[in-house]
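Summary of the model geometry
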Protein chains: 2
Amino acid sequence: MSSPLVSDAGAAADAPQGAVPETARGGNLGVLLRLLHRHGPLSRSELADRMAVNRSTILGLTARLAAAGLVREEPATATGRAGRPSRLVCPERDRAYVLAFDVAVDRLVAARVGLGGAVLERRETVRRRRYPDLDEVVGVLAGFGGALVDAAPRAAGCVGVGASFCGLVRAADGMVRLAPNMGWADLDFGPALGRRLGLGLPVAVGNEAHLGALAEYERGAGAGSRNLVYLHGDVGVGGGVIVGGRLLDGDDGYGAELGHMIVNPHGGRPCNCGSRGCLEAEVGEAALLEAAGRAGGPVGRDGVRAVVDAAAAGDATARQALDRAGDWLGIGAVNLINLFNPGAMVFGGVLSEIYRGAAARIHARVDAGSLPVSRERVELRTAALGEDSCLSGAAELAFAPLLCDPLGVLERRPRQLGEGSA
Amino acid sequence: MSSPLVSDAGAAADAPQGAVPETARGGNLGVLLRLLHRHGPLSRSELADRMAVNRSTILGLTARLAAAGLVREEPATATGRAGRPSRLVCPERDRAYVLAFDVAVDRLVAARVGLGGAVLERRETVRRRRYPDLDEVVGVLAGFGGALVDAAPRAAGCVGVGASFCGLVRAADGMVRLAPNMGWADLDFGPALGRRLGLGLPVAVGNEAHLGALAEYERGAGAGSRNLVYLHGDVGVGGGVIVGGRLLDGDDGYGAELGHMIVNPHGGRPCNCGSRGCLEAEVGEAALLEAAGRAGGPVGRDGVRAVVDAAAAGDATARQALDRAGDWLGIGAVNLINLFNPGAMVFGGVLSEIYRGAAARIHARVDAGSLPVSRERVELRTAALGEDSCLSGAAELAFAPLLCDPLGVLERRPRQLGEGSA
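Residues numbered from 1 in each chain as written. Chains lettered and ligands numbered in written order. Predicted model: local features only at pLDDT ≥ 70, side-chain atom pairs only at ≥ 80, totals over all residues. Heavy atoms only, no water.

Our next topic: the interface of chain A and chain B. Facing the 63 residues of chain A at the interface are 63 residues of chain B. Both faces combined, the contact of chain A with chain B buries some 5000 Å², and carbon together with sulfur accounts for 55% of it. Scanning the region where chain A abuts chain B turns up four salt bridges. One can count 24 residue pairs in polar contact (both at pLDDT 80 or more) joining chain A with chain B. Residue assignment for the side of chain A that touches chain B shows that the elements contributing at least two residues are helix 1 (27-39), helix 2 (44-51), helix 10 (316-340), helix 11 (350-369) and helix 12 (372-375) of chain A. With eight residues, the top contributor of residues to the side of chain A that touches chain B is helix 10 of chain A. Among the residues making up the side of chain A that touches chain B, the classes are represented as 31 nonpolar, 21 polar and eleven charged. (Contact = heavy atoms within 4.5 Å. Buried area = accessible area lost by both parts, 1.4 Å probe. Salt bridge = Lys/Arg side-chain N within 4 Å of Asp/Glu carboxyl O. Polar contact = N/O pair within 3.5 Å; in protein donor to acceptor, adjacent residues only side chain to side chain. Helix = DSSP H or I, 4+ residues; strand = E, 2+ residues; numbered from the N terminus. Nonpolar A, V, L, I, M, F, W, Y, C, P; charged D, E, K, R; others polar.)

Right, let's talk about the sheet that holds strand 1 (residues 42-43) of chain A for a bit. All names here are of chain A. Spatially, 1-3-2 is the arrangement adopted by the three strands of the open sheet, whose pairing is antiparallel. The open sheet is flanked by strand 1 and strand 2 (71-74), the only strands paired with a single partner. Where strand 2 lies against strand 3 (residues 88-91), four bridges are found, and the strand directions are antiparallel. Bridge pairing in strand 3 places E73 opposite V89. (Pairing = 2+ DSSP bridges.)

Moving on to the UniProt feature "domain: HTH marR-type" (unreviewed entry) in chain A. In this numbering, the UniProt entry assigns the feature "domain: HTH marR-type" (unreviewed entry) to residues 31-74 of chain A. The span residues 31-74 of chain A is 68% helix and 14% strand, and its two end C-alpha atoms sit 20 Å from each other. (UniProt positions renumbered as here; feature names shortened; annotations may be inferred.)

Further remarks concern the pattern of salt bridges. In the structure shown here, the tally under the stated rule is 69 salt bridges over all chains. In this structure, D252 of chain A and R377 of chain B form a salt bridge, with 2.4 Å as the shortest nitrogen-oxygen distance. With D252 of chain A in the loop between strand 14 (246-247) and helix 7 (279-283) and R377 of chain B in the loop between helix 12 (372-375) and strand 16 (379-382), this pair bridges two chains. When its relative accessible area of 51% is taken as the criterion, R377 of chain B is described as exposed. Taken together, the shared-partner salt bridges connect D102, D106, R107, R122, E124, E387 and D388 of chain A into one network. (Buried < 20%, exposed > 50% of the residue type's maximum accessible area, 1.4 Å probe, protein only.)

So, about the relation of the copies chain A and chain B. Once chain A has been moved 0.0 Å along the axis and rotated by 180°, it coincides with chain B to within an RMSD of 0.0 Å. Look at the turn and shift together and you get a two-fold axis relating the two. Of the residues that chain A buries at the interface, 100% are likewise interface residues in chain B, meaning the two copies contact each other through the same surface. (Least-squares fit on C-alpha atoms with pLDDT ≥ 70 in both.)

Attention shifts here to the sheet that holds strand 8 (residues 168-170) of chain B. Residue and element names in this part refer to chain B. Read from one edge of the open sheet, three strands run 8-9-10, paired in antiparallel fashion. What marks the edges here is a single partner per strand, and that holds for strand 8 and strand 10 (184-187). Each strand axis lies, on average, 20° off the axis of its neighbour in the sheet, ignoring direction. With three bridges joining them, strand 9 (residues 175-179) and strand 10 adopt antiparallel strand pairing. (Axes fitted to C-alpha atoms, helices over the stretch in contact; angles between N-to-C directions.)

In this section: the state of the cysteines. Disulfide: a covalent bond formed between the sulfur atoms of two cysteine residues. Within this structure, the stated rule accounts for zero disulfides over all chains. Of all cysteine sulfurs in the structure, the one in C166 of chain A sits closest to C390 of chain A, which takes part in no disulfide; the separation is 9.3 Å. (Disulfide = S-S within 2.5 Å.)

Our next topic: the environment of R44 of chain A. Residue and element names in this part refer to chain A. In this structure, R44 sits in helix 2. For R44, a relative accessible area of 18% puts it in the buried group. The spatial distance from the C-alpha of R44 to the C-alpha of G190 is 39 Å, given a sequence separation of 146 residues. Those residues within four positions of R44 in sequence are excluded, and the remaining contacts are I58, L59, E73, S86, R87 and V89. A polar side-chain atom of R44 sits 2.7 Å from a polar atom in the side chain of E73.

Residues and elements named next belong to chain A. In this model helix 4 (residues 134-151) runs 26 Å from its N-terminal to its C-terminal C-alpha over 18 residues, within 8% of the 26 Å that 1.5 Å per residue would give. Of the residues making up helix 4, those classed as buried are L134, V137, V138, L141, A142, F144, G145, L148 and V149. Along helix 4, the residues classed as buried sweep out an arc of 160° about the axis, all on the same side. For helix 4, exposure combined with an orientation more than 90 degrees from the buried face picks out D135 and D150. Buried residues along helix 4 sit against strand 4 (96-103), strand 5 (107-114), strand 6 (119-126), strand 10 (184-187) and helix 5 (189-197). (Expected span 1.5 Å × (residues − 1). Arc of directions from axis to C-beta.)

Moving on: the domain arrangement of chain A. For an interface, size is often stated in terms of accessible area lost upon the parts coming together. Residues and elements named next belong to chain A. Structurally, chain A comprises domain 1 (96-211 + 388-398) and domain 2 (224-382). The interface is formed by twelve residues belonging to domain 1 together with 15 residues belonging to domain 2. Interface area for domain 1 against domain 2, summed over the two sides, is near 1000 Å², with a carbon-plus-sulfur share of 56%. On the domain 1 side of the interface with domain 2, the three residues burying the most area are L168, A209 and H210, jointly 52% of the side's total. (Domains from an automatic or database assignment.)

A word on the nonpolar core. Considering soluble globular proteins, one finds that nonpolar side chains tend to be buried as a cluster. Membership of the largest hydrophobic core comes to 96 residues, with the highest contact counts inside it found for L231, F340 and M345 of chain A together with L231, F340 and M345 of chain B. Here F340 of chain A is in contact with N227, V229, V241, V243 and L248 of chain A together with L248, G250, D251, G255, A256 and F340 of chain B, once residues within four sequence places are set aside. (Core = buried A, V, L, I, M, F, W, Y, C linked by side-chain atoms within 4.5 Å.)

Here is the structure:
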């Protein structure tokens, strides 16, 4: 088979790039590829059903995507339906991949992720210094990235790059505006990583909780709901929201700062952001451990789990601390349910532990305070994805242009080092 | 010219309807028509620039839309550019129209709105009974609607029906779930109005504050921003949010209940929803008038304006009441800015009066409590559209399918009474 992923670069589209609304390009090709990326192999007839087009349309779309090296067809499995068995269409996970990065509070991760979402190869290191500089972080990540590209099969091509970052990120250009945990402000992380990688591809950068939400929506606890609220706790409380199937990012990418919703304006605890009574200040790890009389002890998931375990074993102080956290988390949940009418509300990181320890309290608050119609179908859940949820979200960010306009992205894709010609 | 708006009905598309994602249909035809609907007549070259396609593409798209009766071309005005002057493409406002309805707290309104957004004809009545029944409301509106259709020019065709409703509305089917001001719960308003109109068109129904937000976004104080928060006060406090250019409605249509965000959980005023310390309870008209010692006096805009005027004239009680409302409105604004990173935050109804009277207080709260990156570009504004903002939003709702898939909507459109053949 020829290798059209390594197509003639510079086959320019007949129009300038960038300004076309996403409705105008890609169309059904993108819709079909997105279905395969999200759900895995589907039969032609399943695709026809889900897209509400006829099978000859599917045949044509599949042929174009197969010629571009993005999908392949496999012999059918029996369907139980009348008529000829329908051939299975599969995403070519070993031919089209993205690089995904995660700059987390405690570690740096890079992975090669195939079309369809599987992590094909992965590199990780703990962050050695509390406050590393831009050059150091970019150097480590670009080294990982280069090694992952070099180790990829010859027929495989990188179609996008995405990164998750533990701070406030400007969506337009990947500038890190503020990352207290890194000691960073206004550093051009995305462009710097792109230059150092040297793949000729831009790096799409997103806030870690946004991308955690995206991952839970695509492949985790939110699957099946078009509207999802994700609340994540580690050192602080972050959030991500999916509205109508799309990530809420706001005008500049700073949206969904759910941890900085003021719930206790009078007498609330001071927050790291400089305000008072924010959700983060009331339900974050620090507030819980302090209320449980455990400030100075173990922190993170271990510290929070210890409080939950102690409460379960009858420790009254731990129980009170958890009840307090549950009340505030419940009030936060009331507001988010009334604002977003979501199908799922997902608690991640240490908040998943707090949810487990205070679920009854949280549900009582939700029942008392949220609008009946808004809560009637919402499900409260803990996150389904583990530590790689942000990495998975970064991969989704990197795949997004391909899934919007598959052939356009391939046409515009620069030829990469190490790739042969067709 | 023939009259293709009155096309052969039943020219079925080759696929079942309803399941196709909006990216898959209409494409550039919809993008072009939407630009004209929103901005009015544009030259071919302006369209080419905005859509980032070449002029021959525009020529083809325009020809198809003109053949369908949706646009017409007019001689160019001088552009100042080199080359031939570019012809002007205009939406056919007198040929394609929608019916828009508004069921408000105090009145019933119906209008015929042309492509491009102009109200072409309008009927209105005050609501006579406090708690009218479904049949009465639907009867009045359908009577108005029938008269508007009858009075339309022979070449004009109705391409959609939308309604704004002062209550919680299920988006999927136009069921009114709760409307305390009407005494309604679980009444199938949308389907009943559709049946009574007898046009063979579904009625898209939306919450009034959602549609107010949509109208401010399309044609009012939010123009130019992809993310907008609209807070509206009348008897209660409602809200609408535009996220990335789309109305936030949630899984069932109940989203953006900004008035029921709890901001004062301990010691807050009881709210009509049964909870306590909701934004509505703290900043609504009733709270302001009570704090100003004017409970029992004039209500609505007149009552609120009197407080603002008194404060400006030196009345200390009125000033304190306004400061109090400003503080709570400011805390609400902090949360909404941190959650949505909007380009514009718009205050409508009585809240526009409160904003005028307490702007400094509100801005001080926003500066103290919101994240610097999230507030750096947001503009706080009062609503630009008057009493017809919900009606205008209902018209946008009605036009939405046509602007997504212009030819598809016309193909599926039933022939209406009174329309001649081509």
